[in-house]
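Chain by chain, the residues:
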Amino acid sequence: MAQRGGGLFSGLKDSAQRNRNMILYVLLLVSLFGALGGWLSLPDRVTMMGTTEGVESIYLPKLAAIGINLGVSGGFSLLFWWRPRELAYLTCALIGIFMTYFIMPANLGYFA
């Protein structure tokens, strides 16, 4: 019987399964630091995208935007902990963290 090939991501999946607690700890720590930084530095109303001329942005309350981003990153981090071989959950958690850190420069005038 032929042995099944491991594929490109098998080593990464095995490593993610072995180190899932450390990965989860780092993901949640980075998410919480991003939420704390956003809570301390953002104005009361924020937008999720950079402001450009001629395009009207949708503004949300600061705590709602931080809560949405924290919920996305925290939820997918917990899904990754539940099923560590699913790299899609890890990818979505990283996207949630990226969104948390993206709303800070977008609302503090770095993209204007």
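A few points on the structure. Everything numeric here is computed off the predicted structure, so don't read it as measured data. (Residues numbered from 1 in each chain as written. Predicted model: local features only at pLDDT ≥ 70, side-chain atom pairs only at ≥ 80, totals over all residues. Heavy atoms only, no water.)

### Let's talk about the pattern of salt bridges
Scanning the model with the defined rule gives one salt bridge in all. Linking Asp14 and Arg85 is a salt bridge whose minimum nitrogen-to-oxygen distance equals 2.5 Å. In this pair, Asp14 sits in helix 1 (residues 10-18) while Arg85 sits in the loop between helix 3 (62-82) and helix 4 (87-107), placing the two residues 71 residues apart along the sequence. On the accessibility criterion, Asp14 (33% relative accessible area) is partly exposed. (Salt bridge = Lys/Arg side-chain N within 4 Å of Asp/Glu carboxyl O. Helix = DSSP H or I, 4+ residues; strand = E, 2+ residues; numbered from the N terminus. Buried < 20%, exposed > 50% of the residue type's maximum accessible area, 1.4 Å probe, protein only.)

### With respect to the packing of aromatic side chains
Scanning the model with the defined rule gives two aromatic pairs in all. Ring centres 6.5 Å apart and planes at 35 degrees place the aromatic pair Phe76 and Tyr89 in the tilted group. One end of the pair, Phe76, is in helix 3; the other, Tyr89, is in helix 4, and 13 residues separate them in sequence. The partly exposed category is assigned to Tyr89, whose relative accessible area is 23%. Note on Phe98 and Phe102: the rings are 6.0 Å apart at their centroids and 25 degrees apart in plane angle, and the pair reads as stacked. With Phe98 and Phe102 both in helix 4, this residue pair falls four residues apart, about one helical turn. Above the plane of the ring of Trp82 lies Arg83, whose end atom (NZ or CZ) is 4.4 Å from the centre. (Phe/Tyr/Trp six-rings, centres within 6.5 Å; stacked < 30°, edge-to-face > 60°. Lys NZ or Arg CZ within 6 Å of the ring centre and 35° of its normal.)

### A look at the packing of helix 3 against helix 4
At their nearest, the axes of helix 3 and helix 4 sit 8 Å apart, and the two run at 160 degrees to each other. Judged on the interaxial angle alone, helix 4 and helix 3 are roughly antiparallel. For the pair helix 3 and helix 4, the crossing hand works out as left-handed. Between helix 3 and helix 4, the contacting residues are Ala65, Asn69, Leu70, Val72, Ser73, Phe76, Ser77, Leu79 and Phe80 on the first element and Tyr89, Leu90, Cys92, Ala93, Gly96, Ile97, Met99, Thr100 and Ile103 on the second. Class assignment for the residues of the contact of helix 3 with helix 4 results in 13 nonpolar, five polar and no charged. (Axes fitted to C-alpha atoms, helices over the stretch in contact; angles between N-to-C directions. Parallel < 35°, antiparallel > 145°, perpendicular 65-115°, else oblique. Left-handed = near helix turned anticlockwise from the far one by under 90°. Contact = heavy atoms within 4.5 Å. Nonpolar A, V, L, I, M, F, W, Y, C, P; charged D, E, K, R; others polar.)

Just distances and angles here, no functional claims.
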